[in-house]
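Letter by letter, the chains look like this.
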Amino acid sequence: MTLRIYARYLETGKALLEHQLLEIDGQGCIASLRPLAQDEPVPLCAYDYLLPGCVNAHSHAFQVLLRPSTGQPQHFKDWVDRFLYPCVLELDEERLYASAVLVFHEMLRAGITTVGEFHYVNNLPDGQSSEQVYARALIRAAETVGLRICLIRTLYDQRHKPGQVRFQEPLAQAISQTESLAQAYAGHPLVSVLPAPHSLHGASRELICAGAELPKRLGTPWHIHLAEQPGDANFALDRYGLRPLACLEAWGILDADACIVHGIWFDDADLERMQRYGCRQVYNPLTNMALGDGIARLPELLQRGVPVALGTDANTDSSLFLEARMAEYLQRSQKLSMGHVSAEQLFAMTNRYGAHALGLPTGNLAVGQAADFLGVDLSSPSMLPALYSSSASIDTLRQALLNQLLFSAIPQEAIQAVYVAGEKRVEAGQHLTVDLAARFQSVFS
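Trainee: How should the sheet that holds strand β8 (residues 191-197) be read in this particular structure?
Mentor: Across a sheet, paired strands are connected by hydrogen bonds in the backbone, their directions being either parallel or antiparallel. An order of β5-β6-β7-β8 is seen for the 4 strands of this open sheet, with the pairing classed as parallel. Looking at the sheet topology across the chains shown, the edges are occupied by β5 (54-59) and β8. Across the sheet, the mean angle from the axis of one strand to that of its neighbour is 20°, orientation sign disregarded. Of the strand pairs in this sheet, β5 and strand β6 (residues 112-119) are connected by 4 bridges, and their pairing is parallel. Considered in β6, the bridge of S59 is made with E117. In this fold helix α3 (residues 133-145) packs onto β6, β7 (148-155) and β8, with an angle of close to 165° to the strand it touches most, β7. Sitting on the sheet, helix α5 (residues 205-218) touches β7 and β8, and the angle it makes with β8 is about 155°.

Okay, here's the thing in structure tokens:
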């Protein structure tokens, strides 16, 4: 059965259209997109403003459990040692699942329809393999709330501190379990899997190279944390004699399938490498702010054609619109001037570039794409007064709506509905099926 939805204004991701009819097929994809004929009745399902769902390209769901500690650490290593590792050591399947349902629920309400979940708690507390139990718990959490998930399965073979016993595994096991998990979900409409060597400090050169080779068999991109902290460059120079991104180039694995997570401490040569190899990138402004990481060279990356996606990382908040806002405001604070990243570029970072980072057919509204979209109420207070520019040209109105959405909107109030694969998951700010209070009372009490 075809679902028909009317939009007074429809943002495809590249243009704003008026009076559009969106039709969704039985597989949850967009079957057609066309103007509503003059004599054609308006469907009962209608919205003021329809736009692509947000694609969150980097999340650590369990880190929502660290929110009570976010104001306490003195620096990144202090946060890792005093808060992150103790939390990791206490994780079990139930708490991991519950934390993921909690934050995935928040993401949907804020307009995120796809999450790239960077999962690295591979082992039981005694260091034995969980045999994918934890990875499947995260996937099950996404299925519970109806969120599209790309499980970014992390490869991690180094251990220097007790907490890393939950991450470390032999190279052969890391590769085989990642491949088997990808095969288990091949063809799943809402689940995909891609590999991610954790970082230069979390994975050996051998594992990083093996992880970069695996996507050639899986047909996916691959992700890696890189150049996040100021000390990451010195670490790479001490161990390998090269800066972080130059290591990947020297090892012959820097290519268009490589997705660099963070990429804050890039020099000019790194920017040139990102452009020359056609790499992807994920930037996490709020988490980088919270951890004192630094500010990415975002305008220069975008000017070079690098598609920079956004992620919520530690999930101190779960809105990509807020991440986009902070991405621009950080540039303003650093450069003491305004207007460094356009509204169009920021908007692409919330959806289209995220889909590219994960290798998924979503992030814009077009025939054949996944029917993942948001219905926005233009009479919501935080979306006013953009619509009163309606007497202007469609391009001027588009600019007004994007600016209002990115810099003023409160997503949980303005978003009327959230659809994933053509299924309505959120209406009037409330999830239609998940009762958080009932689900978590026993877990977090």
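Past the structure itself, the notes keep going.
Trainee: What's the story with empty space enclosed by the protein in this structure? I'm lost.
Mentor: Left-over empty space is what a probe sized like a water molecule reveals as it rolls over the atoms. Overall, the coordinates contain 2 cavities of 30 Å³ or more when judged by the stated rule. Lining the largest cavity are A61, F62, L96, E117, F118, H119, Y120, V121 and L138. Examining the composition of the lining of the largest cavity, we find that 3 residues originate from one element, β6, more than from any other. In this structure, the second largest cavity spans a volume of roughly 40 Å³. Lining the second largest cavity we find H119, V121, N122, S130, Q132, Y134, A135, R153 and Q177. For the lining of the second largest cavity, the residue count by class is 3 nonpolar, 5 polar and 1 charged.

Trainee: Just to check I follow, could you spell out the layout of surface pockets for this structure?
Mentor: Of the pockets and cavities examined, the largest pocket occupies roughly 830 Å³. When residues of the lining of the largest pocket are traced back to their parent elements, those giving at least two are α1 (76-90), β9 (222-226) and α6 (232-240). The dominant element in the lining of the largest pocket, judged by the number of residues it contributes, is α1, at 6 residues. Along the lines of polarity and charge, the residues of the lining of the largest pocket split into 17 nonpolar, 12 polar and 5 charged. As a volume, the second largest pocket reaches approximately 610 Å³.

Here is what the cut-offs are and how they apply
- Residues numbered from 1 in each chain as written.
- Predicted model: local features only at pLDDT ≥ 70, side-chain atom pairs only at ≥ 80, totals over all residues.
- Heavy atoms only, no water.
- Pairing = 2+ DSSP bridges.
- Helix = DSSP H or I, 4+ residues; strand = E, 2+ residues; numbered from the N terminus.
- Axes fitted to C-alpha atoms, helices over the stretch in contact; angles between N-to-C directions.
- Contact = heavy atoms within 4.5 Å.
- 1 Å grid on protein atoms, 1.4 Å probe; cavity = no way out; pocket = protein on both sides within 12 Å on 5 of 7 lines; lining within 4 Å.
- Points joined across faces, edges and corners; volume = space filled by probe spheres on them.
- Nonpolar A, V, L, I, M, F, W, Y, C, P; charged D, E, K, R; others polar.

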